[in-house]
Amino acid sequence: MTILVTGGAGYIGSHTVRALVELGRDVVVLDTLELGIRSRLGSTPLVEGDIRDERLVEKTVRKYGVTDVIHFAAYKAVGESMEQPLRYWSNNVAGTISLVHSLLANGVERLVFSSSAAVYGNPEHVPVTEEAPLRPESVYAETKSTMESFLTSCDAIGLRSVSLRYFNAAGASDDAVIGEDWSHSQNLVPRVMKAMLGASGPLQVFGNDYPTQDGTCIRDYIHVVDLADAHIKALDYLATGGKSIACNVGTGMGTSVLEIIDMAEQVSGRKVPYEFAPRRAGDPTTVFADPTLVRAILGWKATRDLRDIVGSAWEWHSHSYKPA
Ligand SMILES: NC(=O)c1ccc[n+]([C@@H]2O[C@H](COP(=O)([O-])OP(=O)(O)OC[C@H]3O[C@@H](n4cnc5c(N)ncnc54)[C@H](O)[C@@H]3O)[C@@H](O)[C@H]2O)c1
């Protein structure tokens, strides 16, 4: 029983690979390394290649005796997806179709998929439940909701899947060995760290006139180690015969941009240089999860709070950053 982790050398993938290895599960990673880092994987086997290479996927499945897949491999930058739609549809959607084709041809029938809260767009109600309408507002979000539909339709041909709709993944491993590299991410926490360590100019905070308590946007930040655990619970759910589902993976707590900055200052003892900038088009005001379903079906809940998230990110960034 081997788990194939596509995109396992990326940020969330590498934390999940570590969690699987710690549990003694057999793992093989398939990653182009375009945005992944080999050293994150330690001694876990890596096949360097593309999910769209059907011969390579089939060879990997047979060689390692793959029974289950966690599918992280995708592009994830919202702004870039609007400028380069072909690249996103090709990698995220055509890539997933190709991957599933190779898996089914070789008898692999269980898959955990990295979806995103972006599928909800700007939700009318928070906390967001899985019943909320899917209203993707970017090419990236469209690719995620299309892949969810594709996977649902594959039920009829024997593929069972769990689509995990992640809210905002952040933080680093407890031992500060792996974390979220700011050169590959536009996410808030690495940008806060970059500004605080003097590796960029002041952090741009997009919008301070939203109808929230401090005027900045509110999101649901989830510790990457908690998120990794949700994948393991999803694998176990499928292995015990669970039906295909899509569920939120979030804490149920909303945190504003200024609250993240405040926490970063508390854990580091430093100031975060920041300035307000105009709102970005399409940024929803407030998004946080209703995590009832994931708790009921997968038995998962977040165990780490905002201090753990920002504190672990600070530990990792402050130890790994070497000023030129
Ligand atoms: N980071 C977040 O907050 C977040 C939120 C919601 C959803 N997601 C989704 O989770 C997944 C992982 O995100 P991440 O933050 O770890 O991203 P990441 O960019 O760090 O990791 C993605 C990995 O996939 C690899 N990859 C990309 N295309 C590939 C292909 N065709 N074949 C093989 N490997 C390929 C990259 O080299 C990289 O190592 C993505 O699908 C992303 O859309 C992330």
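Computed from a predicted model, the values in this text were never measured in an experiment.

Concerning the domain arrangement of the protein
Part 1: Split into domains, the protein comes out as domain 1 (2–170 + 220–249) and domain 2 (182–219 + 252–288 + 304–320).
Part 2: For domain 1 versus domain 2, the distance between C-alpha centres works out to 26 Å.
Part 3: Across the contact, 20 residues belong to domain 1 and 20 residues belong to domain 2.
Part 4: Of all the secondary-structure elements, those providing two or more residues to the side of domain 1 that touches domain 2 are strand 7 (168–170), strand 10 (221–223) and helix 7 (224–239).
Part 5: Within the side of domain 1 that touches domain 2, the residues separate by chemical class into 12 nonpolar, 5 polar and 3 charged.

Overview of unusual backbone geometry
Part 1: Residues Val126 and Pro127 are joined by a peptide bond in cis, for which omega reads -5 degrees.
Part 2: On the secondary structure map, Pro127 appears in the loop between strand 5 (110–116) and helix 5 (139–154).
Part 3: For Ala176, which is not glycine, the phi torsion reads 60 degrees and is therefore positive.
Part 4: Here Ala176 shows up in the loop between strand 7 and helix 6 (188–196).

A closer look at the site of the ligand
Part 1: As a matter of local geometry, the ligand sits amid 30 residues, with Gly7, Gly10, Gly36, Ala74 and Ser114 nearest to it.
Part 2: For the shell around the ligand, the elements supplying multiple residues, two or more each, are helix 1 (11–22), strand 2 (26–31), helix 4 (85–105), strand 5 and strand 7.
Part 3: Per element, the largest residue contribution to the shell around the ligand is 3 residues, and it comes from helix 1.
Part 4: Of the residues in the shell around the ligand, the class split is 12 nonpolar, 13 polar and 5 charged.

Overview of the packing of helix 6 against helix 8 (residues 257–268)
Part 1: Direction vectors running N to C along helix 6 and helix 8 enclose 50 degrees, while the axes themselves pass 11 Å from each other. As the angle between them shows, helix 6 and helix 8 are arranged oblique. With respect to the hand of their crossing, helix 6 and helix 8 are arranged in right-handed fashion. Residues Leu188, Val189, Val192 and Met196 of helix 6 form the contact with helix 8, whose participating residues are Val257, Ile260, Ile261, Ala264 and Ser268.
Part 2: In the contact of helix 6 with helix 8, the residues fall into 8 nonpolar, 1 polar and no charged.

What to know about the sheet that holds strand 2
Within a sheet, neighbouring strands are paired by backbone hydrogen bonds and run either parallel or antiparallel to one another.
Part 1: Sheet architecture is open: 7 strands sit in the order 3-2-1-4-5-6-11, paired in parallel fashion. The two strands at the open ends of the sheet, each matched to only one other strand, are strand 3 (46–48) and strand 11 (245–249). With strand direction ignored, the average angle separating the axes of adjacent strands in the sheet is 20 degrees.
Part 2: Bridging between strand 5 and strand 6 (residues 160–166) involves 7 bridges; their strand directions are parallel. Bridge pairing in strand 6 places Ser116 opposite Tyr166.
Part 3: Contacts from helix 2 (residues 54–64) reach strand 1 (2–6), strand 2, strand 3 and strand 4 (66–71) within the one sheet, and its direction differs from that of strand 2 by about 165 degrees.
Part 4: Seen against the sheet, helix 5 touches strand 5, strand 6 and strand 11 and runs at an angle of roughly 155 degrees to strand 5.

Some thoughts on helix 5
For an α-helix the count is 3.6 residues per turn, leaving residues at separations of three or four pointing the same way.
Part 1: With 16 residues, helix 5 ought to run about 22 Å at 1.5 Å a step, and its terminal C-alpha atoms sit 22 Å apart, in line with that.
Part 2: Taken as a whole, helix 5 has its buried residues at Val139, Tyr140, Ala141, Glu142, Thr143, Lys144, Ser145, Met147, Glu148, Leu151 and Cys154.
Part 3: Of the surrounding elements, those touching the buried residues of helix 5 are helix 3 (78–83), helix 4, strand 5, strand 6 and strand 11.

Quick notes on the environment of Ser161
Part 1: Tracing the backbone shows Ser161 in strand 6.
Part 2: A count of 27 C-beta atoms within 10 Å places Ser161 in the buried class.
Part 3: Sequence separation between Ser161 and Thr44 is 117 residues, and the spatial gap between their C-alpha atoms is 24 Å.
Part 4: Those residues within four positions of Ser161 in sequence are excluded, and the remaining contacts are Leu111, Phe113, Leu151 and Ser244.

Concerning the environment of Pro278
Part 1: Its location among the elements puts Pro278 in the loop between strand 13 (274–277) and helix 9 (292–298).
Part 2: For the pair Pro278 and Phe206, spaced 72 residues apart in the sequence, the C-alpha separation amounts to 5.4 Å.
Part 3: Beyond its immediate stretch of four places on either side in the chain, Pro278 contacts Phe206 and Gly207.

Thoughts on the environment of Ser39
Part 1: Position of Ser39 relative to the elements: it lies in the loop between strand 2 and strand 3.
Part 2: On the basis of neighbour count, Ser39 is assigned to the exposed category, with 9 C-beta atoms found within 10 Å.
Part 3: Separated by 27 residues in the primary sequence, Ser39 and Ile12 have C-alpha atoms spaced 14 Å apart.

The rules behind the values
- Residues numbered from 1 in each chain as written.
- Predicted model: local features only at pLDDT ≥ 70, side-chain atom pairs only at ≥ 80, totals over all residues.
- Domains from an automatic or database assignment.
- Contact = placed C-beta atoms within 7 Å.
- Helix = DSSP H or I, 4+ residues; strand = E, 2+ residues; numbered from the N terminus.
- Nonpolar A, V, L, I, M, F, W, Y, C, P; charged D, E, K, R; others polar.
- Near = placed C-beta within 6 Å.
- Axes fitted to C-alpha atoms, helices over the stretch in contact; angles between N-to-C directions.
- Parallel < 35°, antiparallel > 145°, perpendicular 65-115°, else oblique.
- Left-handed = near helix turned anticlockwise from the far one by under 90°.
- Pairing = 2+ DSSP bridges.
- Expected span 1.5 Å × (residues − 1).
- Buried ≥ 20, exposed ≤ 12 C-beta atoms within 10 Å, placed from the backbone.

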